[in-house]
Amino acid sequence: MTIGAIIGYTVLALFLGFIAFLIIRTISARKPKPPESNYVPNDIDDTVVDNLVEAIKHKTITMPNNDQDGSVFLEYQAFLEKAYPLIMKNSTKYVINKYSVIYAFKGTESDSLLPIAILAHQDVVPAPAKDWGFDPFGGEISEGYIYGRGTQDMKGQMISALDGLEFLLREGKKPARSIYFCFGHDEERAGIYGAYEIVKFLQQRDVRFEFVLDEGGAIIDGKIIGINNKVALVGTCEKGYADVTLEVEKLGGHASTPTRRTAVGLMSQAVYKLEKRKMKPFFSEPVKEMFETLAPYMNPLFKFFIVNRRVFGWLLKRVLTIASPFTNCIVRTTIAPTQMFGATTPNTLPPVAKANVNCRINTGETIDDLTNHIKKVVGKNIKVTVRDGASNPSLVSSPDSPAFKMIGKTVYEVFDGFIMAPYPFIATSDSKYYHVLSDNVYRFTPFEKEESDANRIHGVNERLSVNMLKTATQFFIRLYENTCFDDFSVPKRKSLVSNHLY
Ligand SMILES: [Zn+2]
């Protein structure tokens, strides 16, 4: 045999060996055993529906600042206090910054078990009645759906969480663990008067939580990633947020005698460049964790590429960035042009043109990384300013904690065989402030959304099906059963009095 042939065979043998290694790795990624379960669904009556209908009627629209008359929030709280007498009987109420509220429900073993926190925001975005088929604050029911602003975002979740506990208390069941309901009043404006102040208040009193659950996540059809089951995604972190203003000055004047380059032209070019030169995709820790959890359920081809993503990372990233806006946004910082401003009259060259780009920062990057990229792309003639209210990505909670596993078990039980996986929540929520109070901050909305729902949230004809509302109530009942009736996670602590408000 010639030396050339020996080298050729050696290379071939190494190559085949490598492929075999990748295949073995793929095969050895096995599904974990489903959790054991003795779950029996409860009969949920229409009380929860009546409560959501009533909740919708309170026009708790986010106020631009805290000096406005927020009496509608107080009326809303009065309604909650009337609707949930058993919870309130055993809760201490704390009003934070006038309109946010904590109802701290005391468990029977509050001395030795850390409490959990259930978050929800009372506020909703405005809903001009134009184009709605229903009164946005009427709570009308039609063909199995409750219509109204806040049904999905997020009074539906708040009401089902409260109804879940009230249900258990009506049955005479007493949770051992305390449950704090923390309801901010300005989540839709970044939570600076609400959630931020609630967290400060709790931090000053050394309160710690076993886990925190807020809105977020989604239930998606696994087919888009080669999985036959439905997949419930639970946010273990959230992306950062920044509105960035771009500004360019150029001599203004009459539009009949335009200069060679105009402010609007330069601004359009800058925005166009930002669309062409996006920030680099990469797999953040939560995305890797998502892949790890889901890989065993994928079809063989998807599984092969995901399990061996160290080898095929370059290809995977390419595919994910073009496959769908959702897969794109979980692997990179996104920059979306949302506003442009020029002259106020049609025949004037504006001396200034402005644009806003709305940015969501991938876990692992920062506001600085974002602005450096934007400045590099748009060039030095464009002024780049980060507007108030920007936030870096949140910390990341572990998908291996007992709390996460219990949420997963609850999803599996209530949603009949769904798989739960961690992922980076792509929007923002009040929970970003809570990482200082717990290692386990998770984001999940227990609604199986329909395709059109994405446009209805913050849009027209927001709605929630009666069935979904009742299933969400089941979810919370089961979550309390799984996490608040015994100590599911840690050896009992002697006394945690300092970790409680009462
Ligand atoms: Zn929300």
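Residues numbered from 1 in each chain as written. Predicted model: local features only at pLDDT ≥ 70, side-chain atom pairs only at ≥ 80, totals over all residues. Heavy atoms only, no water.

A. Spatial organisation of the side chain of Gln 474. Mapped onto the elements, Gln 474 comes out in helix 15 (residues 466-484). The exposure class assigned to Gln 474 is buried, which follows from its relative accessible area of 10%. Setting aside residues up to four positions removed in sequence, Gln 474 forms contacts with Tyr 39, Pro 41, Asn 42, Ile 44 and Val 414. (Helix = DSSP H or I, 4+ residues; strand = E, 2+ residues; numbered from the N terminus. Buried < 20%, exposed > 50% of the residue type's maximum accessible area, 1.4 Å probe, protein only. Contact = heavy atoms within 4.5 Å.)

B. View of the coordination of the zinc ion. Coordination of the zinc ion by the protein comes from His 121 (NE2), Asp 153 (OD), Glu 215 (OE) and Glu 215 (OE), over a distance range of 1.9 to 2.5 Å. Here the zinc ion is ringed by four donor atoms whose angles at the metal span 54 to 148°, and the overall shape comes out irregular. Linear spacing of the donor residues for the zinc ion on their chain is H-x31-D-x61-E. Highlighted residues: His 121 in strand 3 (residues 116-121) and Glu 215 in the loop between strand 7 (212-214) and strand 8 (218-221), separated in sequence by 94 residues. Assessed through its relative accessible area of 10%, Glu 215 is described here as buried. (Donors = N, O, S within 2.8 Å, 3.2 Å for Na, K, Ca; no water. Tetrahedral: all angles 85-135°; square planar, octahedral: opposite > 155°, others 65-115°.)

C. A look at the sheet that holds strand 4 (residues 141-142). If you trace the three strands from one edge of the open sheet to the other, you get 4-5-18, paired in antiparallel fashion. One side of each edge strand has no neighbouring strand; the edge strands of this open sheet are strand 4 and strand 18 (463-465). (Pairing = 2+ DSSP bridges.)

D. Main features of the pairing of strand 6 (residues 179-184). Extensive coverage of strand 6 is indicated by the burial of six of its six residues. The alternating pattern of strand 6 places Ile 179, Phe 181 and Phe 183 on one face and Tyr 180, Cys 182 and Gly 184 on the opposite face, and all of these are buried. Direction of pairing for strand 2 (residues 100-105) relative to strand 6: antiparallel, over a ladder of five bridges. Residue Ala 104 lies in a different strand from strand 6, and its bridge partner there is Tyr 180. Pairing of strand 3 with strand 6 involves six bridges; the strand directions are parallel.

E. Representation of the sheet that holds strand 15 (residues 383-386) within the structure. Strand order across the open sheet formed by four strands is 12-14-10-15, with antiparallel pairing between neighbours. The open sheet is flanked by strand 12 (334-341) and strand 15, the only strands paired with a single partner. Neighbour-to-neighbour, the strand axes of this sheet turn through a mean angle of 25°, independent of strand direction. Across four bridges, the pairing between strand 10 (residues 240-249) and strand 15 is antiparallel. (Axes fitted to C-alpha atoms, helices over the stretch in contact; angles between N-to-C directions.)

F. Main features of the environment of Asn 66. As for its position among the elements, Asn 66 is in the loop between helix 2 (47-57) and helix 3 (71-83). In this structure, the C-alpha to C-alpha distance between Asn 66 and Ala 353, residues 287 residues apart in sequence, is 32 Å. Residues within four places of Asn 66 in sequence aside, it is in contact with Asn 97, Lys 98, Tyr 99, His 185 and Tyr 193. In this structure the side chain of Asn 66 is engaged in a polar contact, spanning 3.1 Å, whose partner is the backbone oxygen of Asn 97. (Polar contact = N/O pair within 3.5 Å; in protein donor to acceptor, adjacent residues only side chain to side chain.)

G. Highlighting the packing of aromatic side chains. Here the structure, examined in full by the defined rule, presents 20 aromatic pairs. Pairing Phe 326 with Tyr 423 gives two aromatic rings, centres 6.2 Å apart and planes at 40°, and the pair type is tilted. Of this pair, Phe 326 sits in helix 11 (residues 325-329) while Tyr 423 sits in strand 16 (residues 419-425); the two residues are 97 residues apart in sequence, bridging distant segments of the chain. Assessed through its relative accessible area of 2%, Tyr 423 is described here as buried. Look at Phe 415 and Phe 418: their rings are 5.5 Å apart centre to centre, the planes differ by 35°, and that puts the pair in the tilted class. Taken together, the ring pairs connect Phe 415, Phe 418, Phe 444, Phe 475, Phe 476 and Tyr 480 into an aromatic cluster. Sitting above the plane of the Tyr 76 ring, Lys 155 keeps its charged end 4.8 Å from the centroid. (Phe/Tyr/Trp six-rings, centres within 6.5 Å; stacked < 30°, edge-to-face > 60°. Lys NZ or Arg CZ within 6 Å of the ring centre and 35° of its normal.)

H. How the structure looks around a positive patch on the surface. A surface patch of like charges, here positive, comprises Lys 250, Arg 260, Arg 261, Lys 273, Arg 277, Lys 280 and Lys 376. Position of Lys 273 relative to the elements: it lies in helix 7 (residues 263-276). (Patch = residues over 30% accessible without salt bridge, like charges linked within 9 Å, V, L, I, M, F, W, Y side chains within 5 Å. Areas by Shrake-Rupley, 256 points an atom, 1.4 Å probe, with all protein chains shown as cover. Salt bridge = Lys/Arg side-chain N within 4 Å of Asp/Glu carboxyl O. Lys, Arg positive; Asp, Glu negative; His and termini not counted. Charge placed at Lys NZ, Arg CZ, Asp CG, Glu CD.)

I. Seen up close, the domain arrangement of the protein. With domains assigned, the protein is organised as domain 1 (47-216 + 427-499) and domain 2 (237-386). The straight-line distance from the C-alpha centre of domain 1 to that of domain 2 is 33 Å. Each partner contributes residues to the interface: domain 1 has six residues there, and domain 2 has five residues. Contact between domain 1 and domain 2 buries roughly 430 Å² in total, counting both sides, with carbon and sulfur atoms accounting for 44%. Across the domain 1-domain 2 interface, the total number found is one salt bridge. Residue Glu 238 is joined to Arg 443 by a salt bridge in which the shortest nitrogen-to-oxygen separation is 2.9 Å. Joining domain 1 to domain 2, the criterion identifies two residue pairs in polar contact (both at pLDDT 80 or more). In terms of residue class, the side of domain 1 that touches domain 2 is built from one nonpolar, three polar and two charged. (Domains from an automatic or database assignment. Buried area = accessible area lost by both parts, 1.4 Å probe. Nonpolar A, V, L, I, M, F, W, Y, C, P; charged D, E, K, R; others polar.)

J. View of the nonpolar core. Leu 80, Ile 118, Phe 181, Leu 213, Phe 475 and Tyr 480 are the most contacted members of the largest nonpolar core, which totals 62 residues. With 10 residues, helix 15 is the largest single contributor of residues to this core. Among residues more than four places away in sequence, those in contact with Leu 80 are Met 88, Tyr 103, Met 158, Ile 159, Leu 162 and Phe 183. Ranked by size, the runner-up nonpolar core spans 25 residues in total, among them Ile 227, Leu 294, Ile 306 and Ile 330. (Core = buried A, V, L, I, M, F, W, Y, C linked by side-chain atoms within 4.5 Å.)

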